[in-house]
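Geometric and topological summary
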Amino acid sequence: MFIFDAHLDLAMNAMEWNRNLRLPIADINHREAGLTDKPDRGNATVCFPELRKGNIGMVVATQIARYVASDNPLPGWHSPEQAWAHTQGQLAWYRAMEAAGELTQVTDLQGLEAQLARWNDPDIAAADKPIGYILSLEGADSLVSVEHVEFAYQYGLRAIGPGHYGPGRYANGTDATGKMGQLGLDLLNKMASLNIILDATHLCDDAFWQAMEHFDGPVWASHNNCRALVEHNRQFSDEQIKELIGRKAVIGAVMDAWMLVPNWVRRKSTPVEMGLNLERVADHIDHICQLAGNAEHVGIGSDMDGAFGREQCPYDLTTIADMQSLAGILRSRGYKEADVENVMHGNWLRFLRRVWK
Ligand SMILES: [Zn+2]
């Protein structure tokens, strides 16, 4: 079945993890033998061949670079200009992958329909089909000024998550608290004027509710699970999920272990001992469906290889291609075929057709 994955840090893997995503996954992992600079070395699950194998023909792909003030212990750049330059390097990689025929950037409805038609055309060989990507910015710190949004829109940026982890220049993110200041509100106004999608993922609760009040443009949550199942401020409360449903949003289910099962301890717990398989992902998907009363507000936003790999995701995912199994799990839970299709791709497509019409 066709899969739309609304959150992958492809450029981060290429430019920070130094992974050549054009290679087979075994080659990427083989080359990381002995490396310890990142927690997930040798456990990569995402590359272009695996995306093709999994029939994942549309993704939302990120630019990501954090700014950190001198009192911020998180890793990041020491000025917004450095962070901006880093995202421009990531953009250059996306452009190079377009030139190589691996990716094609989707920025409007016409481009989306063209990509779907090409991807689903049986007369075109899989190797000749670029994977469609929508460019998104995870954490807005790298936008030196609000005016930079206009320039970014010109190169194809179509969604922005104002916050990420910790305090942000525009919005405070996961594990932080506090409302947005004028800069954050100005960013939201600029996004609304350009019809840029607000990604509510990673906004701290204060910023989330403030943004819902202030922003009248399109909202989605590219990668977010449920607080009712795993208690953490990174997850959405039922009230937040209901608010998003009311705004016709779609929420992407994440494959990151600690967001799927309670009491996961990073670098200690293993997926097998924690009983973590794709059934647990289906639990989060189903929770959102029960709150909505339908299967129209949840999709996949896997975040696979988003600074974690096979060691920290469901044990029945050897690579991202195995997300195909999710369709069968939903069927076995009684989901009708139309609803399975909604979750696997249809909800993101319907969202984009509405927002980009
Ligand atoms: Zn994230």
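The notes below deal with the structure included here. Small disclaimer: the values here were computed from a predicted structure and weren't measured.

1. Side note on the packing of aromatic side chains
Applying the stated criterion across every chain, the model contains 11 aromatic pairs. Consider the rings of Y94 and Y133, whose centres lie 4.9 Å apart with planes at 15°: the pair is stacked. Here Y133 lies in strand 4 (residues 131–138) and Y94 lies in helix 4 (residues 80–99), a separation of 39 residues in the sequence. Note on accessibility: Y94 and Y133 belong to one class, buried. Note that R354 overlies the ring of F351, its terminal NZ or CZ placed 5.2 Å from the centroid.

2. Quick look at the coordination of the zinc ion
At this site the zinc ion is bound by E138 (OE), H202 (NE2) and H223 (NE2), with donor distances of 2.1 to 2.3 Å. Sequence spacing of the donor residues for the zinc ion, all on one chain, is E-x63-H-x20-H. Taken together, the residues span a long stretch of sequence, with E138 in strand 4 and H202 in the loop between strand 6 (197–199) and helix 8 (205–214) at a distance of 64 residues. Across this residue pair, the class does not change: E138 and H202 are buried.

3. Some details on the pairing of strand 2 (residues 56–63)
In terms of burial, strand 2 is largely enclosed, as 8 of its 8 residues are buried. Sheet topology places strand 1 (residues 3–8) next to strand 2; 4 bridges connect them, and they run parallel. Pairing of I3 across the sheet is with I56, part of strand 2.

4. Regarding the side chain of N172
Within the secondary structure, N172 sits in the loop between strand 5 (157–161) and helix 7 (182–194). Within polar-contact distance, the side chain of N172 engages the backbone nitrogen of G168 at 3.3 Å. A polar contact of 3.0 Å, which involves the side chain of N172, links it to the backbone oxygen of T177. What N172 contacts, discounting residues up to four positions off in sequence, is G166, P167, T177, G178, K179, H202, L203, C204 and A207.

5. Looking at the layout of surface pockets
Roughly 1000 Å³ of volume is contained in the largest pocket. Classifying every residue of the lining of the largest pocket gives 18 nonpolar, 13 polar and 13 charged.

6. Notes on the nonpolar core
Among the nonpolar cores identified, the biggest contains 115 residues, and L10, W93, I160, L244 and I285 are the most heavily contacted of them. It is helix 12 (residues 337–355) that contributes the most residues to this core, 8 residues altogether. Setting aside residues up to four positions removed in sequence, I285 forms contacts with A253, V298, L326, L330, Y335 and V343.

7. Things to note about the packing of helix 11 (residues 325–332) against helix 12
Taken N-terminus to C-terminus, the directions of helix 11 and helix 12 make an angle of 145°; their axes are 10 Å apart at the nearest point. Seen from above, helix 11 lies across helix 12 with right-handed handedness. Two secondary-structure elements touch here, helix 11 through L326, A327, L330 and R331 and helix 12 through E337, V340, V343 and M344. Residues that form the contact of helix 11 with helix 12 fall into these classes: 6 nonpolar, no polar and 2 charged.

Each value, and the rule that gives it
- Residues numbered from 1 in each chain as written.
- Predicted model: local features only at pLDDT ≥ 70, side-chain atom pairs only at ≥ 80, totals over all residues.
- Heavy atoms only, no water.
- Phe/Tyr/Trp six-rings, centres within 6.5 Å; stacked < 30°, edge-to-face > 60°.
- Helix = DSSP H or I, 4+ residues; strand = E, 2+ residues; numbered from the N terminus.
- Buried < 20%, exposed > 50% of the residue type's maximum accessible area, 1.4 Å probe, protein only.
- Lys NZ or Arg CZ within 6 Å of the ring centre and 35° of its normal.
- Donors = N, O, S within 2.8 Å, 3.2 Å for Na, K, Ca; no water.
- Pairing = 2+ DSSP bridges.
- Polar contact = N/O pair within 3.5 Å; in protein donor to acceptor, adjacent residues only side chain to side chain.
- Contact = heavy atoms within 4.5 Å.
- 1 Å grid on protein atoms, 1.4 Å probe; cavity = no way out; pocket = protein on both sides within 12 Å on 5 of 7 lines; lining within 4 Å.
- Points joined across faces, edges and corners; volume = space filled by probe spheres on them.
- Nonpolar A, V, L, I, M, F, W, Y, C, P; charged D, E, K, R; others polar.
- Core = buried A, V, L, I, M, F, W, Y, C linked by side-chain atoms within 4.5 Å.
- Axes fitted to C-alpha atoms, helices over the stretch in contact; angles between N-to-C directions.
- Left-handed = near helix turned anticlockwise from the far one by under 90°.

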